[in-house]
Amino acid sequence: MALWVDKYRPRELSKLDFHKDQAANLRNLCKQSDFPHLMFYGPSGAGKKTRIMCLLREMYGSGVERLRSETMTFTTPSNRKVEVMTVSSNYHLEVNPSDAGMYDRTVVIDLIKQVAQTHQIEISGQREFKVIVISEGDELTKDAQHALRRTMEKYVATCRIIISVNSTSRIIPAIRSRCLGIRVAAPNETEIVSILQNTCKREGLALPVELAKRVVDKSERNLRRALLMLEAAKVAKAPFTANQEIPDLDWQVFLRETASQIISEQTPAKLEKIRERLYELLTQGVPPNLIFRGLVEQLVNNCDMSIKAKTLEFATEYEHRMQSGAKHIFHLEAFVAQFMNIYKSSFLSWS
Amino acid sequence: MQAFLKTGKSTAGTGDKSQGAPAARRKLPAPWVEKYRPRNVDDVVEQSEVVAVLRKCVEGGDLPNMLLYGPPGTGKTSTILAASRQIFGDMFKDRILELNASDERGINVVRTKIKNFSQISASSVRPDGKPCPPFKIIILDEADSMTHAAQSALRRTMEKESRSTRFCLICNYVSRIIVPITSRCSKFRFKALGEDKVIDRLKYICEMEGSCYRLKGPEHVINTADLFEMSGVIPEYYLEDYLEICRSGNYQRLEQFVREIGFSAYSVGQMMEQFVEFIVDHPGLNDPQKATICDKLGECCFRLQDGGSEYLQIMDLGCCIILALK
């Protein structure tokens, strides 16, 4: 029993639901014997991975769907062992080097170079090259990206690299210029609504348009999240009704409450309470950059422009520091304290 | 994984049939980038000074230690590879040690691998009796990603082994190379290619690839929406909208717009890069405004590259512009 997200994931380029022109272009690309390195970029839930798998299937046939997963161990120069999961078929290898954290360079050097250097033995009836899919490419450290540069050029005869990233901002220009960028924009509301309705039709359920629209609003145009929400709603209440409640993500509710508490009172005692809540969020595994963004979005709601600008200025500064530092809580808390300061002092000078 | 490395097919026992004919050495597919890499120093586009010097070196059969630097895609790696191919001919493989960022290049490698290679003496005659320069070349590609410790370890090796080894360092930013190294090398700056040279080269490639591309004409290639899309360039109207929204001073609209950019998957980094030019040339802003905006832009761009969140950075920039335009 698979989730709807997986069950109804399109398997072929011709069956994709949106960006059809792009799908046609991708098919044309496959028809030629040659093929550049690719970089798929777009927000999460826009269908990057789906497109990559469709593309591989188009190139190599259904063989790419026979997957096996393996855990590989690497030894870093400082004699540390890192383990990385890989998923591979006979034609491609999928790896997420950022699993290895700051040792991702070793993975790039060892694994990718090793695979890239080996030739396909039997090349009749298939492509001469293998494909390496790197997911979450924007999490790669600069070192790892540099290590990838020359590998991409040198072994171009035997291997193509497909990188999937959320944004190209963090990819060094040298890698960007070596790949053909493929922009996967998030589907728009009508597209998501029609996909939700199709899915329900195939499940034998009736979906009121109103409910579908509300799901879309909550999903922030993330198709995966929309489908998961819908399925969660189905579990809650089987035949859909138009005014049915859609469960919110609980961490978002929690974050909203935290923000309103900060607005309501700015004292050291409150800051201590907020710290507990932030810890709670972090231990639940909510990524700190999402916490930052959520907090800022909520906090600036009822402020005037100068406070907004100041808040953002500090938010960017602390968020940036957080990325280079190790302890997230310091920077989150510093930001909250700073905001309390700005808010209170402007309030005092005003009254 | 092992099976993946060894063979392309999972079916057992395909051995005999296919191994008989070693695939008739079909020409491997290569993207145009590799196919039209210059084979000869004279083929290198644009960099006339560098080429002139190198040509003399190739004729004289000697090279200085070199440091090539310049923006990506200007032909640094291609040039040195072409030059050494011309100097050494068939012995190219033996006489070159190429290390790039994908190789381990810490201080240990400098102490062992590079030192050992540089200590081997090279003969001045080829196996077939023809003369050939009595040195080897060590190419350190992407040298700006080497640590300073590793670079320092190179210093003495470069001097001591100058009889039998030439070093060639390639980098994008010469400022990341320590001074003792730069002073030991003759520096060559590769400048960014002019538009006409790019067009010429594209025309040449189109001709070599056959007439099917000629219909559209290479000028066409440089200026269409399709290609903009492919290279990830953001359409101009996004920049105009962004500035317009900031001018209106409406935070909600700004937030909406930033979300929209996120959904349409345009890269904020790319947007900032384009935005600099847009702001600098914009007729509707006065100089202090431009200065304030550019100052902020630089800061945001740096943070973004360093791992900051896209949403926050562009919102911060937006707020700064709103205040500057008030």
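Residues numbered from 1 in each chain as written. Chains lettered and ligands numbered in written order. Predicted model: local features only at pLDDT ≥ 70, side-chain atom pairs only at ≥ 80, totals over all residues. Heavy atoms only, no water.

### Details of the overall build of chain B
For clarity, the cut-off: A helix here means a DSSP run of H or I that spans at least four residues, while a strand means a run of E at least two residues long, and both kinds are numbered starting from the N terminus. Only heavy atoms matter for contacts: two residues are in contact if any of them lie within 4.5 Å across the pair. Surface accessibility in these figures is a Shrake-Rupley result with a 1.4 Å probe; residues are shielded only by whichever protein chains are displayed.
Check the secondary structure of chain B and you find 17 helices and five strands. Considering only contacts in chain B between residues 6 or more positions apart, those separated by 24 or more positions represent 73%. Surface exposure of chain B reaches about 16600 Å², of which carbon and sulfur atoms provide 54%.

### Quick word on the overall build of chain A
Going by this rule: Residue exposure (1.4 Å probe, protein chains only): buried if accessible area is under 20% of the type maximum, exposed if over 50%, otherwise partly exposed. When charges are counted, Lys and Arg are positive and Asp and Glu negative, with His and the chain ends excluded. A single reference atom marks each charge: NZ on Lys, CZ on Arg, CG on Asp, CD on Glu.
Within chain A one finds 14 helices and seven strands. C-alpha extents for chain A along the principal axes are approximately 80 × 55 × 35 Å. Across the 351 residues that make up chain A, the buried fraction comes to 54%. When contacts within chain A are restricted to residue pairs at least 6 apart in sequence, those whose partners lie at least 24 apart make up 69%. Entry remark: accessible area of chain A is about 16000 Å², with carbon and sulfur atoms responsible for 50%. For chain A, the distance from the average position of its 49 positive side-chain charges to the average position of its 41 negative side-chain charges is 3 Å.

### Details of the packing of helix α8 (residues 209–219) of chain A against helix α9 (residues 223–236) of chain A
Residues and elements named next belong to chain A. For clarity, the cut-off: Only the stretch in contact is used when fitting a helix axis, every axis being a line fitted to C-alpha atoms; angles between N-to-C directions are given from 0 to 180 degrees. Orientation categories follow fixed angle ranges, with anything under 35 degrees roughly parallel, anything over 145 roughly antiparallel, 65 to 115 roughly perpendicular, and all other angles oblique. Handedness of a helix crossing follows the sense of rotation of the near helix relative to the far helix, less than a right angle counterclockwise being left-handed and clockwise being right-handed. Ten residues, namely Ala, Val, Leu, Ile, Met, Phe, Trp, Tyr, Cys and Pro, are considered nonpolar, four, namely Asp, Glu, Lys and Arg, are considered charged, and the remaining ones, Gly among them, are considered polar.
Packing of α8 against α9 brings their axes to within 9 Å, and their N-to-C directions diverge by 130°. As summarised for this structure, α8 and α9 are arranged oblique, according to the angle between their axes. For α8 against α9, the interelement crossing comes out right-handed. Together, V215, K218 and S219 of α8 and R225, A226, M229 and L230 of α9 make up the contact between the two elements. Residues that form the contact of α8 with α9 fall into these classes: four nonpolar, one polar and two charged.

### Digging into the pairing of strand β1 (residues 66–69) of chain B
All names here are of chain B. Operational definition: In short, DSSP must find at least two bridges between two strands for them to pair.
Residues M66 and L68 point to one face of β1 and L67 and Y69 to the other, with burial holding for every one of them. Taken together, the four bridges between β1 and strand β4 (residues 165–171) define a ladder with parallel strand orientation. By the bridge assignment, Y69 is partnered in β4 with C171. Pairing of β1 with strand β5 (residues 186–189), which is carried by four bridges, proceeds in the parallel orientation. Bridging from a neighbouring strand, M66 pairs with S186 of β5.

### Points about the sheet that holds β1 of chain B
All names here are of chain B. Ordered by their spatial adjacency, five strands build an open sheet running β2-β3-β4-β1-β5, and the pairing between neighbours is parallel. Two strands lie at the open edges of the sheet, namely β2 (96–99) and β5, each paired on one side alone. Each strand axis lies, on average, 15° off the axis of its neighbour in the sheet, ignoring direction.

### Quick notes on a negative patch on the surface
All names here are of chain B. So the rule is basically this: Patch membership requires more than 30% relative accessible area and the absence of a salt bridge. Residues of like charge join within 9 Å; the nonpolar side chains Val, Leu, Ile, Met, Phe, Trp and Tyr join within 5 Å. Definition used for salt bridges: Asp or Glu carboxyl oxygen within 4 Å of a side-chain nitrogen of Lys or Arg.
There is a patch of like negative charges on the surface, built from E236, E240, D241 and E244. Checked against the element boundaries, E240 lands in helix α13 (residues 236–248). Using a relative accessible area of 41% as the deciding quantity, one classes E240 as partly exposed.

### Description of the pairing of strand β4 (residues 92–95) of chain A
Residue and element names in this part refer to chain A. Here β4 shows two buried faces, one formed by H92 and E94 and the other by L93 and V95. Bridge count between strand β3 (residues 81–88) and β4: three bridges; the pairing is antiparallel. Its bridge partner lying in β4, V87 is registered against E94. Adjacent in sequence and paired antiparallel, β3 and β4 are bridged by three residues. With four bridges joining them, β4 and strand β5 (residues 130–134) adopt parallel strand pairing. When the bridges of β5 are listed, L93 appears paired with I132.

### Here we look at the packing of aromatic side chains
The condition that has to hold: Each pair of aromatic rings taken from Phe, Tyr and Trp, with Trp reduced to its six-membered ring, is defined by centres within 6.5 Å and is described as stacked if the planes are under 30 degrees apart, edge-to-face if over 60, and tilted in the remaining cases. Whether a charge sits over a ring comes down to the Lys NZ or Arg CZ being within 6 Å of the ring centre and within 35 degrees of the ring normal.
Scanning the model with the defined rule gives twelve aromatic pairs over all chains in all. Sitting over the ring of Y311 of chain B, R293 of chain A keeps its end group 3.9 Å from the ring centre.

### Notes on the interface of chain A and chain B
Going by this rule: Put simply, buried area is how much 1.4 Å-probe accessible surface two parts lose in total, over both of them, once they are put together.
Chain A puts 70 residues into the contact, and the matching count from chain B is 69 residues. Interface area for chain A against chain B, summed over the two sides, is near 6300 Å², with a carbon-plus-sulfur share of 53%. When residues of chain A are sorted by the area they lose upon contact with chain B, R150, R183 and M305 of chain A head the list and together hold 11% of the total. Put simply, chain A and chain B have three salt bridges between them. Note that R259 of chain B and E297 of chain A form a salt bridge whose closest N and O atoms lie 3.0 Å from each other.

### Thoughts on helix α7 (residues 107–119) of chain B
Residues and elements named next belong to chain B. As a reminder of what qualifies: Given the number of residues in a helix, its expected span is that number minus one, multiplied by 1.5 Å.
Between its terminal C-alpha atoms α7 stretches 17 Å, which fits the 18 Å expected from 13 residues at 1.5 Å a residue. Among the residues making up α7, those that are buried are V109, V110, I114, F117 and S118. The secondary structure elements touched by the buried residues of α7 are α6 (92–95), β2, β3 (136–140), α8 (148–160) and β4.

### Thoughts on the domain arrangement of chain B
Note the threshold: In this entry, domain limits derive from an automatic or database-based domain assignment.
As assigned here, chain B comprises domain 1 (32–191) and domain 2 (231–325). Using only C-alpha atoms to locate each centre, domain 1 of chain B and domain 2 of chain B end up separated by 41 Å.

### Notes on the sheet that holds strand β6 (residues 159–165) of chain A
Residues and elements named next belong to chain A. A sheet is described by the order of its strands in space; here seven strands give the open sequence β2-β3-β4-β5-β6-β1-β7, paired in mixed fashion. One side of each edge strand has no neighbouring strand; the edge strands of this open sheet are β2 (68–75) and β7 (180–183). Between one strand and the next, the sheet's axes are offset by a mean angle of 25°, whatever the strand orientation. As paired elements, β2 and β3 share eight bridges and run antiparallel to each other. Residue pairing for β3: M72 is matched across the bridge by V84.

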